[in-house]
Structure formats: structure tokens, C-alpha cells
Protein chains: 2
Amino acid sequence: MDNELTMEVTIQTLLELLEAKKYSRARDEILKNNTVIIAEILEEIIENLGIEKAVILFRTFPKDVSVEVFAYLPIDDQIEIISVITDKEIQHIIDELAFDDMIDVLEELPANVVSKILSRTPKEKRKLINTFLNYPETSAGSLMTPDYISLKRDMTVEEALNHIKEVGMARETVYTCYVKDAERKLVGIVSLRNLVISDSNIKVEEMMHEDMIYVSVLDDQEYVSDLFKKYGFLAIPVVDNEERLVGIITFDDILDVIDEETTEDFHKMAGVAVSTEEYLDMSVWKHVKNRLPWLFVLMVALMITGFIITKFETILSQVIVLVAYLPLLMGTGGNSGAQSSTLIIRSLAIGDVVLKDAAKVLWKEVRVSFMIGFLLSLLNFAKIFLLDGEGPLIALTVCASMLTVIMIAKIIGGLLPMAAKKIGIDPALMASPMITSLTDMISVVTYFALATLILGI
Amino acid sequence: MDNELTMEVTIQTLLELLEAKKYSRARDEILKNNTVIIAEILEEIIENLGIEKAVILFRTFPKDVSVEVFAYLPIDDQIEIISVITDKEIQHIIDELAFDDMIDVLEELPANVVSKILSRTPKEKRKLINTFLNYPETSAGSLMTPDYISLKRDMTVEEALNHIKEVGMARETVYTCYVKDAERKLVGIVSLRNLVISDSNIKVEEMMHEDMIYVSVLDDQEYVSDLFKKYGFLAIPVVDNEERLVGIITFDDILDVIDEETTEDFHKMAGVAVSTEEYLDMSVWKHVKNRLPWLFVLMVALMITGFIITKFETILSQVIVLVAYLPLLMGTGGNSGAQSSTLIIRSLAIGDVVLKDAAKVLWKEVRVSFMIGFLLSLLNFAKIFLLDGEGPLIALTVCASMLTVIMIAKIIGGLLPMAAKKIGIDPALMASPMITSLTDMISVVTYFALATLILGI
């Protein structure tokens with residue numbers, strides 16, 4: 001809140017300065033902030049005043065600041081800037097960006113721009129860039145950077161520290177160093193902490209950890225982020241098919257991955273196609289395209305529910321009051337099922353529940369749903385009988401249905417995500433919309449079946 | 001998957017060895033793994049064979065391994081172990097744990113055990129522990145550790161490095177070092193990277209960053225984790241009311257916070273009381289207590305919907321077929337609203353959408369919902385008129401209702417989370433169950449109002 005407020009003031013002043021074309025005053029104001037904040041402000045300027053004014057300001061930044069700010073901008077703003085600055089300026093930014101940030105930008109640029117940039121890049125680097133551009137978007141390969149510290153096993157601590165001193169500034173991290181053999185295979189890991197606290201003539205091979213954990217270029221980013229969470233790594237090495245070290249992934253990139261994966265789960269759980277684009281940046285048509293398919297699928301389920309109801313029209317027309325309790329039943333069934341499915345989806349995601357716990361989950365949900373169903377039914381019986389003044393048989397029909405529906409909903413809600421995982425479907429898809437549509441159907445069938453039985457229609 | 005499988009094999013063998021009381025064989029087997037995996041296996045042993053057998057094995061571990069394994073165990077297993085081992089063993093573990101891990105354990109132990117432990121702790125440390133125990137559970141204070149590297153501004157790089165060499169092993173991180181003045185106020189930050197690559201006779205004050213970002217002991221953990229995400233910090237300093245440096249928070253603790261906050265959002269969005277206990281560890285009664293309140297609140301809303309229906313019984317009894325389309329309308333309305341609210345809740349959480357974007361969100365949802373509503377209504381008109389063989393007026397009633405309901409649902413779904421945030425309620429509460437119950441009400445009213453109008457009943 002506070003943060004938002006402070007920014008607000010700065011931005012307002014800045015926008016006014018820029019509209020009055022006082023660029024050098026604006027430049028002085030904006031440069032008082034750190035580069036993360038400058039990037040945030042620039043984002044606002046692009047949004048409010050358009051890319052041209054923003055770029056005029058951007059060009060007045062010192063060269064090193066402009067590259068850092070560029071790196072912190074969201075990808076769509078980066079592309080916008082690249083589309084209006086000169087080739088020479090593009091080249092400068094691309095050359096100075098950290099390798100992994102550069103790959104992120106290149107991945108989003110049109111092919112002709114990329115090839116223009118690559119044509120001016122030295123051959124060795126160009127080859128490397130092409131390899132990186134070919135890794136699948138959510139793979140370890142697309143997250144990694146080749147800018148790591150590499151040591152040899154027969155170096156002494158002093159030699160290792162001198163090497164770090166020499167190249168350390170250009171590396172993504174210096175805190176974990178990687179020991180490679182002649183075939184470029186990863187043979188050990190040394191932390192800078194250990195190097196700094198060790199005697200200077202000890203050999204690297206005497207102190208390195210050999211039982212290190214690494215990932216392969218094609219491993220999924222979710223697997224990589226799970227390892228970071230489990231071990232609290234600063235960085236993890238990435239190897240290719242021949243077990244050669246090709247890059248490292250650092251923890252700051254993992255923070256983005258975790259956010260991305262969470263967003264993905266949220267979207268799936270709401271029946272929206274997964275997308276990395278920001279809500280406001282996405283076109284109306286894209287929003288429609290992302291939301292329509294699931295609404296349609298769920299609608300088909302709801303149509304079936306409607307069809308079932310038509311089969312019971314005779315009961316309904318005789319006891320029209322039953323309709324009044326239909327939303328209560330369907331709604332409570334849906335809500336109960338959604339609770340259980342969300343709990344299990346999240347527990348599966350963080351590993352609190354695994355597939356072989358299915359029987360335990362079933363037994364837990366059976367007891368929980370019986371207690372909840374019993375309590376809510378009792379309450380409803382009292383309300384329908386005493387308050388609404390309906391007959392005891394109607395009250396009994398509603399309450400028996402409610403108990404049944406809550407139990408079925410919670411059991412399905414608990415087990416369906418596990419079943420999905422078992423057959424390789426993302427459990428997050430078995431969330432509220434899906435469960436609700438299922439329990440709607442179950443509610444209607446249960447309700448009318450019990451009505452036929454109890455009311456003897 | 002692979003990972004789970006490998007563990008499975010080891011655990012099966014281990015469980016058999018333990019049941020056959022072959023403890024030293026079991027010990028040799030388990031110690032082949034790293035401490036994170038050992039902790040995971042021990043967790044399984046506690047679950048399958050009970051705490052006694054697990055502790056017999058735990059006691060055979062080398063002292064340093066046992067403390068590390070203990071640190072990686074979930075808090076409830078830690079408490080179980082403490083409840084069966086001797087006071088001397090407890091003391092050893094508590095003494096050797098990293099300060100922040102120790103605080104986590106002490107926070108969960110019964111008061112009498114804590115005071116027994118504290119009575120044997122040196123006075124200075126005891127005072128510090130008591131201060132830490134008093135910070136609110138989700139505050140920066142409760143996350144931090146006092147084990148950081150502290151430097152003086154007039155030290156040279158060489159002196160700083162020697163100091164790190166001396167105390168570095170006992171510190172949570174050595175990669176960011178903190179410069180304090182005589183009043184223990186934080187005056188600057190130096191990274192180990194900069195120390196290592198700088199000339200040895202440069203003064204710390206010449207190279208330190210003075211415009212550092214820090215948090216206060218009482219800041220909420222969510223605010224802290226947002227800063228980590230924004231800046232990619234390795235660690236962040238924590239100051240008290242007098243701006244004195246009292247501790248640091250490292251990124252590995254933030255990974256846990258992020259998971260915790262996400263789980264909290266998931267639970268809120270499903271109408272389940274927030275809890276940090278694992279699903280399977282929680283008693284049936286606790287599950288009931290966590291789920292019942294929201295189900296009850298939502299039920300009241302559903303009762304109102306039912307009450308509204310009774311007001312329209314005359315229409316219903318005349319055109320009983322209208323009931324068949326009620327689930328379709330309510331369900332599609334709920335699903336549409338849930339999509340929008342989830343998108344906005346998540347966008348608010350990661351900062352893609354802020355409160356002043358309300359008008360943009362409204363305009364986006366108006367257009368998206370009109371398109372979706374129009375397409376789905378068209379489809380339904382065709383289905384009801386051609387397939388179900390109902391009259392055009394019935395089809396028109398359903399479809400006009402559907403367009404209206406989808407539009408209202410999506411607009412409410414988009415704006416309600418923002419309104420909640422505005423008045424200080426967690427937007428995550430305005431998710432599917434809440435939105436669905438609201439749209440149910442709106443669907444019923446819209447449907448019957450349009451039926452009265454169009455069918456002229």
C-alpha cells in the first residue's frame with residue numbers, strides 16, 4: 001500500500017514533467033530510484049504516455065542503467081522498446097544483457113529481427129544462442145545461463161579465488177562454482193563460502209562435493225523448482241544428454257517459475273486456458289478464446305442435468321415446492337465438493353498427499369462429510385419443518401438428499417483429483433467448475449429418486 | 001515420479017530391516033542418502049512403524065547428521081521426537097540447530113519444555129530467544145535469524161575476508177555482509193562477490209551499497225516475499241523500531257513462505273478456514289470446523305435463492321419446463337463468474353492488476369462477457385428450439401436470461417475482488433463459492449423476471 005502510494009507521487013510528477021517535455025528534469029527525478037523501481041515507473045510511462053515519450057527518456061539513461069532497467073521490464077514492453085530504437089541500440093542492449101535475459105528477449109522477437117541480431121554476433125556465441133533458443137519453453141534448458149564459474153579439480157583454493165576475481169563480475173553467480181573434467185563433465189561443486197574459509201593451498205578436488213544434484217536440459221521447470229524448494233539451493237547445474245555441464249539455473253529465476261506455476265494452477269482450477277499474458281494486456285478476443293471452451297464443456301454437463309429434470313416433470317408438477325430446495329441442494333453439494341477437491345489438489349501439489357494415500361483420503365472424507373452432512377441436514381430439517389411450514393416428508397426428502405449429496409460430493413471431490421493424477425491428467429482440472437457440474441447432476445438424480453421413494457409419487 | 005519410485009524401494013527394504021530389528025543394517029542403508037532424503041524416509045518410518053522404532057534408528061545417526069535430519073523434518077514429527085528423547089538429547093539438538101530453525105521448534109513445544117530448555121541456555125542467548133519468540137507468527141521477526149556476517153565500515157577488504165573466514169561456518173549466509181555503525185544501525189551492505197573481486201586494501205565503506213532495502217521486524221511475511229520476488233535478493237536485513245539491525249531473512253525461508261501464502265489463497269478461495277496443518281494430519285473434527293462455517297454462510301444465500309423461487313411458484317406451475325433450464329442458467333452463471341474472479345484475484349496477488357485499473361477491468365469484462373454470452377445464448381437457442389422442440393418464446397426467455405446472467409456474473413466476478421481489496425478484505429474470499437452463490441440468486445431473479453415479461457404470465 002505504502003509502496004504503491006510513494007510510487008504514485010513520483011509517477012504523477014514524472015508524467016507532468018514529460019508532458020511538458022522537461023526530459024532532463026524527468027531524467028534526474030527517475031534516476032534517484034533503483035533500477036527495479038525505474039523499470040516499474042517506465043512501465044507506467046509507456047502505459048500512460050505511449051512508447052515514444054518513454055523511449056526519449058530511456059535514451060537519456062546512462063548505458064549501464066538502461067540495460068539493467070531493460071532487463072527488469074516485462075517482456076511486452078521490451079519488445080515495444082526494441083521496435084522503436086535503432087539497430088545499434090538493440091545490439092548494445094542484447095550484448096550487455098545477462099545471457100538468460102537475452103534468450104528470453106530473443107525468444108519473443110520476430111524471426112527477422114533475431115536473425116539480424118545474430119548476424120552481428122560472433123560465431124561461437126551465435127551457436128550457443130541457437131542451442132538455447134531450441135529448448136522447449138518450460139524446460140530447464142530455457143531457464144539456464146551458461147555464465148557460471150567453472151573450476152578444475154587440481155586448482156588450489158588460491159588459484160580458484162584468483163580465477164573468480166578475474167571473471168566473477170560477468171557471471172550470474174559466483175557463490176556456487178562447478179568443477180569439470182577434460183570432457184566437460186560435471187565432477188563436483190564447491191561453494192564460495194568453503195573457498196573463502198579454507199586454506200589457500202588446499203586442492204579444489206579435496207574439498208568439492210561429488211554427490212551433487214543436477215537436472216537435465218529437458219527436465220520440466222516444475223521439477224526444477226521442486227528441487228529448489230526441497231534443498232534450498234542457490235543454483236542448480238544443468239547437464240546435456242552426454243552429462244556435460246551446459247549451464248546453471250539460479251534461485252531468482254525459480255521465483256518467477258513458482259509464480260508462473262501457481263498462476264497456471266489457478267487458471268486451470270477456474271476452467272480458463274493457461275496463459276502467461278497479463279490480464280489487461282490480453283485482447284478481448286483472446287479472453288473469449290481462453291474461457292469459452294470450458295464453459296461450453298461444463299454447459300453440456302448442465303444440459304444433461306436439465307434433461308434429467310425433464311424426466312421427473314411429473315413429480316415436480318405434483319409437488320412444485322420441491323423446486324424451491326433445488327438450488328440449496330445443488331449449491332451446497334457443489335460447495336462441499338469444491339472444498340475437498342481444492343484441499344486435495346493443493347496437498348498433491350506440495351506433496352502432503354501422494355497417490356497411495358487414496359484410502360486414507362477416502363476414509364477422512366467419509367467421516368468429515370458425514371458429520372457436515374448430518375449437521376447441515378438437521379439444521380435444514382428444523383428450518384423446513386418449523387419455519388417454512390412444509391410437511392415432515394418434504395423436509396425428510398430434502399435432508400436425506402442433502403446428506404447423500406454432501407457425502408458423494410466430498411468423496412468425489414477428494415478422489416477425482418487423485419484419479420486424474422494417476423492417469424496423467426493435471427489434478428488442478430478437477431476443481432470447482434468440474435466438481436460442481438458433476439455434483440449438480442448427482443444432486444438432481446438423488447433428490448428426485450428420494451422424492452419418489454419418500455413421498456411415494 | 002521417478003523420484004517417488006526410488007524412495008519407495010529404499011523405504012520398503014528399510015521397513016523390513018527395522019521390523020526385523022536389524023538396526024545397524026538399516027542405519028547403513030539410510031545413511032547412503034543425503035540428509036534431506038534421510039528426513040523424508042524417517043518421516044515415512046514414523047508414519048508406518050511409529051515414533052519408538054524411528055527414534056531407535058535416529059539415535060544411531062552421527063551427531064551432526066541427526067541435527068541436520070531433525071531440521072528437515074516437518075514440525076509435528078520434530079515434536080514427536082522431542083517427546084520421547086532424553087533432556088540431554090533435546091538440549092544437544094536445540095544447541096546445534098540454526099537459530100531460526102530452533103525458534104520454529106521452540107514455538108511449537110509446550111511451555112514447560114521450553115522453560116526447561118531455556119533454563120539451561122546461557123543468559124545472553126536466552127534473552128535473544130525470548131525476543132524472537134515474541135514476534136507474531138507471520139512477521140519478518142519470526143522468519144529472521146541473528147546469524148549474519150557483520151562488518152565495520154573502516155575494515156579493509158582483507159580484514160573483512162579474514163573475519164568471514166573466522167566466523168563464516170556458523171552463519172546462515174556469508175554472501176551478503178552487513179555493515180553496522182557504533183549504534184548497531186545498518187549503514188551498508190557488501191556482497192561477498194564484491195569482496196572477493198576487490199583489491200585487499202580497499203575499505204569496506206568505499207565499496208558498500210548504502211541505498212539498501214530492508215524490512216522491519218513487524219512487517220508481514222507476504223510483503224517480505226514480494227520484495228524477494230521483485231529484487232531477486234539472496235537475503236534481506238531486518239531492523240527493529242530504532243532502525244538497529246537485528247537479523248536477516250534468507251531466500252530459502254522465503255520459498256516456504258511463498259508456498260504457505262499460496263496454500264492460504266487456495267483455501268480461502270474454496271471457502272475453507274486457513275490452516276498450516278497437513279491434510280492427513282488434521283483430525284476429522286478440525287476438518288469439519290474448518291469447512292462448516294463457509295458452507296453455512298453460503299447455505300443461507302442458497303436459502304434466499306430458494307425463497308425467491310417460491311415467490312414465482314405460479315409461473316413455474318404453469319410452465320414447468322422452465323425448471324429444466326434452471327441448472328443450466330445457474331451453473332453457467334456461476335462458472336462464468338468464477339473464471340473472472342479467479343483471473344482478477346490472481347492478477348491482484350501478483351500485481352498485474354491494481355485498484356486503479358477497476359474501470360479497465362470493467363470495460364474488459366463487459367466486452368468479454370457480451371461475446372461469450374452472445375455465443376452461448378445463440379447455441380442454446382438453437383438447441384432448445386430445434387432439439388428440445390420448445391416454443392421460440394421459451395427459448396428466448398432462457399437465452400436472454402443467459403446473456404444477462406453471464407454479463408452480470410463476469411462483471412461481479414471481476415469487480416468484487418477489487419472492491420474487497422479496497423475495503424481491506426482479502427480478495428481471495430471473493431472466489432468461486434461466494435460468486436456462485438451470488439450469481440445463483442441473480443440467475444433466479446433474472447430468469448423469472450424475463451419469463452414473466454416474455455411469456456406474459
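Enquirer: Which residues make up the interface of chain B and chain A, and what values do they have?
Expert: Facing the 90 residues of chain B at the interface are 90 residues of chain A. Per-element accounting of the side of chain B that touches chain A gives the leading share, 16 residues, to helix 19 (residues 326–350) of chain B. Each residue belonging to the side of chain B that touches chain A can be placed in one class, and the counts come to 50 nonpolar, 22 polar and 18 charged.

Enquirer: An account of the environment of L195 of chain A is requested, with residue identities and associated values reported.
Expert: Among the structural elements, L195 of chain A can be located in helix 13 (residues 192–197). When near neighbours in sequence (up to four residues on either side) are disregarded, L195 of chain A contacts V157, A160, L161 and V190 of chain A.

Enquirer: Break down the pairing of strand 5 (residues 235–239) of chain B for me, citing the residues and quoting the values.
Expert: Residues and elements named next belong to chain B. By the criterion of burial, strand 5 is predominantly enclosed, with four of the five residues buried. The pairing of strand 4 (residues 215–216) with strand 5 spans two bridges and is classified as parallel. Looking at the pairing, V215 lines up with V238 of strand 5. As defined by bridge partners, strand 5 adjoins strand 6 (residues 245–250) across five bridges and the pair is classed as antiparallel. When the sheet's bridge partners are listed, V238 is paired in strand 6 with G247. The antiparallel hairpin formed by strand 5 and strand 6 contains five residues in its connecting segment, where E243 sits at a positive phi of about 65°.

Enquirer: Any chance you could break down the relation of the copies chain B and chain A for me, citing the residues and the numbers?
Expert: Placing chain B over chain A gives an RMSD of 0.1 Å and needs a rotation angle of 180°, together with 0.0 Å of translation along the axis. Here the symmetry operator amounts to a two-fold rotation axis. Considering only C-alpha atoms, the residue of chain B closest to the rotation axis is S317 of chain B, which sits at 3.1 Å. An overlap of 100% is found between the interface residues of chain B and their copies at the interface of chain A, pointing to a shared contact surface.

Enquirer: Describe the confidence of the model for chain A, listing the residues and the values that go with them.
Expert: Residue and element names in this part refer to chain A. This prediction gives chain A a mean pLDDT of 90; 98% of its residues lie at or above 70. Every residue in residues 1–5 is under pLDDT 50, and counting partners more than four places away or in other chains gives one contact. With a pTM of 0.84, the predicted complex shows an ipTM of 0.84.

Enquirer: Which residues make up helix 22 (residues 432–455) of chain A, and what values do they have?
Expert: When the terminal C-alpha atoms of helix 22 of chain A are compared, their 32 Å separation across 24 residues agrees well with the 34 Å that a helix rising 1.5 Å per residue should span. Within two residues after helix 22 of chain A, G456 of chain A carries a phi angle of roughly 60°, on the positive side.

Enquirer: Would you mind going over the nonpolar core in detail, with residue names and values included?
Expert: Generally speaking, nonpolar side chains in soluble globular proteins are found buried as a group. Counting 137 residues, the largest nonpolar core has I249 of chain A together with I249 of chain B as its most contacted members. With six residues, helix 3 (residues 35–49) of chain A is the single largest residue contributor to this core. Contact partners of I249 of chain B, with chain neighbours within four places excluded, come to A140, L143, M144, V224, A235, I236, V238 and I254 of chain B. One finds I394 and A395 of chain A together with M269 and M299 of chain B within the second-largest nonpolar core, a separate group that totals 116 residues.

Enquirer: Describe in detail the packing of helix 3 (residues 35–49) of chain B against helix 5 (residues 63–72) of chain B, supporting the description with residues and values.
Expert: Residue and element names in this part refer to chain B. At a minimum axis separation of 8 Å, helix 3 and helix 5 run at an interaxial angle of 65°. Relative to helix 5, helix 3 is oriented roughly perpendicular. At the point where helix 3 passes helix 5, the crossing takes the right-handed sense. Facing helix 3, whose interface residues are T35, V36, I38, A39 and L42, helix 5 presents V65, E68, V69 and Y72. Its residues assigned to classes, the contact of helix 3 with helix 5 comprises seven nonpolar, one polar and one charged.

Enquirer: Give a detailed account of the packing of helix 19 (residues 326–350) of chain A against helix 16 (residues 251–269) of chain B, specifying residues and quantitative values.
Expert: Direction vectors running N to C along helix 19 of chain A and helix 16 of chain B enclose 165°, while the axes themselves pass 9 Å from each other. Viewed along their axes, helix 19 of chain A and helix 16 of chain B adopt a mutual orientation that is roughly antiparallel. Where helix 19 of chain A crosses over helix 16 of chain B, the two elements pack in a sense that is right-handed. Counted together, T342, R346 and I350 of chain A of helix 19 of chain A and D259, T263, F266 and M269 of chain B of helix 16 of chain B form the full contact between these two elements. When its residues are assigned to classes, the contact of helix 19 of chain A with helix 16 of chain B shows three nonpolar, two polar and two charged.

Enquirer: Give me the lowdown on the sheet that holds strand 4 (residues 215–216) of chain A, citing residues and values where you can.
Expert: Backbone hydrogen bonds are what pair the strands of a sheet, in a parallel or an antiparallel way. Residues and elements named next belong to chain A. The three strands lie next to each other as 4-5-6, forming an open sheet whose pairing is mixed. Edge positions in the open sheet fall to strand 4 and strand 6 (245–250), since each of these has one partner strand only. The sheet contacts of helix 15 (residues 221–231) involve strand 4, strand 5 (235–239) and strand 6, and relative to strand 5 the element is tilted by about 145°. Strands strand 5 and strand 6 of the sheet are contacted by helix 16 (residues 251–269), whose axis makes an angle of about 65° with strand 6.

Enquirer: I'd love a proper account of unusual backbone geometry, names of residues and values included.
Expert: One non-glycine residue, E243 of chain A, lies in positive phi territory at about 65°. Mapped onto the elements, E243 of chain A comes out in the loop between strand 5 and strand 6.

Here is what the cut-offs are and how they apply
Residues numbered from 1 in each chain as written. Chains lettered and ligands numbered in written order. Predicted model: local features only at pLDDT ≥ 70, side-chain atom pairs only at ≥ 80, totals over all residues. Contact = placed C-beta atoms within 7 Å. Helix = DSSP H or I, 4+ residues; strand = E, 2+ residues; numbered from the N terminus. Nonpolar A, V, L, I, M, F, W, Y, C, P; charged D, E, K, R; others polar. Buried ≥ 20, exposed ≤ 12 C-beta atoms within 10 Å, placed from the backbone. Pairing = 2+ DSSP bridges. Least-squares fit on C-alpha atoms with pLDDT ≥ 70 in both. pLDDT = per-residue confidence, 0-100. Expected span 1.5 Å × (residues − 1). Core = buried A, V, L, I, M, F, W, Y, C linked by C-beta atoms within 7 Å. Axes fitted to C-alpha atoms, helices over the stretch in contact; angles between N-to-C directions. Parallel < 35°, antiparallel > 145°, perpendicular 65-115°, else oblique. Left-handed = near helix turned anticlockwise from the far one by under 90°.

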